[in-house]
Amino acid sequence: MLNLDSIDEIFSKHSINAVIHFAAMKAVGESMQLPLLYYKNNMIGIINLLIAMEKYHVYNLVFSSSCTVYGEPSKLPLTEYDHTGNISNVYGRTKYFIEEMLKDISKADLNWNIIALRYFNPVGAHVSGKIGEDPTKKFTNLMPYISQVAIGKKPVLEIYGSDYDTVDGTGVRDYIHVMDLATGHIAALKKIMSERLGIKFYNLGTGKGWTVLQLISIFEKVNKVKVPFVIKARRVGDISSMYADVSLAETDLKWKASRTIEDMCRDFWRWQTLNPNGYKTKL
Ligand code: UDP
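This text gives an overview of the structure that appears in the document. All values reported here derive from a predicted model rather than from experimental measurement.

To continue, consider the site of the ligand. Neighbouring residues of the ligand: 15 residues in total, closest Leu142, Glu158, Arg173, Arg235 and Asp238. In this structure, an oxygen atom belonging to the ligand sits 2.6 Å away from a side-chain N or O atom of Arg173. The side chain of Asp238 places a nitrogen or oxygen atom 2.5 Å from an oxygen atom of the ligand. When isolated, the ligand has an accessible area of 520 Å², and the protein chains bury 93% of it. Split by residue class, the shell around the ligand holds seven nonpolar, four polar and four charged.

Take the pattern of salt bridges next. Under the counting rule described, the total for this entry stands at 14 salt bridges. Among the ionic pairs, Glu133 bridges to Lys26, the shortest N-O distance being 3.1 Å. With Glu133 in the loop between β4 (121-123) and α5 (142-150) and Lys26 in the loop between β1 (18-21) and α2 (28-33), the pair connects residues that are 107 residues apart, well separated along the chain. With a shortest N-O distance of 3.1 Å, Asp82 and Lys75 are connected by a salt bridge.

What follows deals with the nonpolar core. Formed by 25 residues in total, the largest nonpolar core has its most connected members in Met143, Ile146, Leu157, Tyr175, Leu215, Phe219 and Val227. Every element with two or more residues in this core is listed here: α5, β5 (157-160), α7 (212-223) and α9 (261-274). Those residues in contact with Phe219 that lie beyond four places of it in its chain are Met143, Ile146, Ser147, Ala150, Lys224, Val225, Val227, Cys265 and Trp269. Among the nonpolar cores identified, the runner-up in size contains 20 residues, and Met43, Ala52, Met53 and Ile98 belong to it.

So, on to helix α3 (residues 35-55). When the terminal C-alpha atoms of α3 are compared, their 30 Å separation across 21 residues agrees well with the 30 Å that a helix rising 1.5 Å per residue should span. In this structure, the buried residues of α3 make contact with α1 (4-13), β1, α2, β2 (60-66) and α4 (90-108). Count one or two residues on from α3 and you reach His57, which has phi positive near 55 degrees.

Another aspect to go through is the packing of aromatic side chains. Remark: the centre distance and the inter-plane angle together describe each pair of aromatic rings, the angle taken between the planes. Within the structure shown, the criterion is met by six aromatic pairs. An aromatic cluster of three or more residues is present, and its members are Tyr39, Tyr96 and Phe97. Taking NZ or CZ as reference, Lys154 lies 5.0 Å from the ring centre of Tyr145, over its face. Against the face of Tyr164 rests Arg234, its NZ or CZ located 3.9 Å from the ring centre.

The next subject is the sheet that holds strand β3 (residues 113-119). The four strands lie next to each other as β1-β2-β3-β8, forming an open sheet whose pairing is parallel. Where the open sheet ends on each side, the last strands, each with one partner, are β1 and β8 (199-204). Each adjacent strand pair in this sheet contributes to an overall mean axis angle of 20 degrees, direction not counted. As judged from the six bridges shared by β3 and β8, these two strands associate in the parallel manner.

Definitions and cut-offs
All residue numbers here refer to positions counted from 1 along the written sequence of the relevant chain. Reporting of local features is limited, given that this is a predicted model, to residues whose pLDDT is at least 70; pairs of side-chain atoms are given and counted only at 80 or more, and all residues count toward the totals for whole chains, interfaces and linings. Here the side-chain values reflect all heavy atoms present in the structure, with hydrogen atoms and water set aside. Here a residue counts as near a molecule or strand whenever at least one of its heavy atoms sits within 4 Å of it. Side-chain atoms alone can form a polar contact between residues adjacent in sequence; in general such a contact is a pair of N or O atoms within 3.5 Å, and within protein one must be able to donate a hydrogen while the other accepts it. Residue exposure ignores everything except the shown protein chains as possible cover, and the areas themselves are Shrake-Rupley values with a 1.4 Å probe. Note that Gly is not counted as nonpolar here; it falls among the polar residues with everything else outside the nonpolar set of Ala, Val, Leu, Ile, Met, Phe, Trp, Tyr, Cys and Pro and the charged set of Asp, Glu, Lys and Arg. Here, a salt bridge means any side-chain nitrogen of Lys or Arg that lies within 4 Å of a carboxyl oxygen of Asp or Glu. Comment: elements are numbered from the N terminus, with helices defined as DSSP H or I runs of at least four residues and strands as E runs of at least two. Remark: nonpolar core denotes a set of buried residues (Ala, Val, Leu, Ile, Met, Phe, Trp, Tyr, Cys) joined through side-chain atoms within 4.5 Å. The buried label goes to any residue with under 20% of its type's maximum accessible area, the exposed label to any with over 50%, and the partly exposed label to all in between, with areas taken from a 1.4 Å probe on protein chains only. Residue contacts are counted whenever heavy atoms from the two residues lie within 4.5 Å of one another. Any helix carries an expected span of 1.5 Å times its number of residues minus one. The rule is short: rings of Phe, Tyr and Trp, with Trp giving its six-membered ring, pair when the centres are within 6.5 Å, and they are stacked under 30 degrees, edge-to-face over 60, tilted in between. Two conditions define a charge sitting above a ring: the NZ of Lys or the CZ of Arg must be within 6 Å of the ring centre, and it must be within 35 degrees of the ring normal. A pair of strands is labelled paired if DSSP reports no fewer than 2 bridges between them. To obtain an axis, a line is fitted to C-alpha atoms, over the contacting stretch when the element is a helix, and the angle between two such axes runs from 0 to 180 degrees between their N-to-C directions.

Below you can see the structure in the form of structure tokens.
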């Protein structure tokens, strides 16, 4: 994505109708320590893509955005009409800047047809257990970390803060199964291929929030495992609670998440146990 010539080569060789742009870095904690890396990969990647798309007259784009664009919410659930900006971390700022850029280009050229999907917290894995998340760095999202502790690869889960204003003091997130997220993209593609939209934003979540402690407890129960944890300080840049109002995606995209939090835990664990070393062959 950082090499415009190689993107150009792909567009020159193939006849492309639409692009789904997923390629970006996504760890909040890492983004605070390596901001330049995040700005470089996330911003230059999309700029190169947009330059190539414009050159080859490909104007249909589904972009992976994030609920972090909302910053610390003043009310919940979050709707697409709520204020964006005022973001507490670098990762979120890259998504926000890109959304603003996409608004500008679609204003300047009415050919653009863009949907930015604001993901809440994608977790789970393909039901086969063959495709899943394989974190390769020390910065890991919550569910992969829970799973690595459960399988014995990490000794203990660190919970970042238990003094938030939530039912048990730990952070609340709207976890969505990756397979529901996938169908959300199909729904978005269908929409941009059949209508002239300019630019639209949609939340992809379930509309329900779970605390860190609730998620651990469900994971333990569904998979019959133990997840030891310790309470640590809040993580820099973290938000207390987030969950989506999903009615706009339901109405406009005719899409709704159907998998439960138990499905998410079960499917993640299947992937983890079938592939203890992720995509690497045995170590
Ligand atoms: N979290 C945690 N320990 C971890 C990773 C995450 O307590 O090792 C918490 C984090 O503070 C947040 C929630 O789990 O409340 C989800 O964090 P994650 O990094 O998965 O996603 P984010 O919402 O930050 O994008």
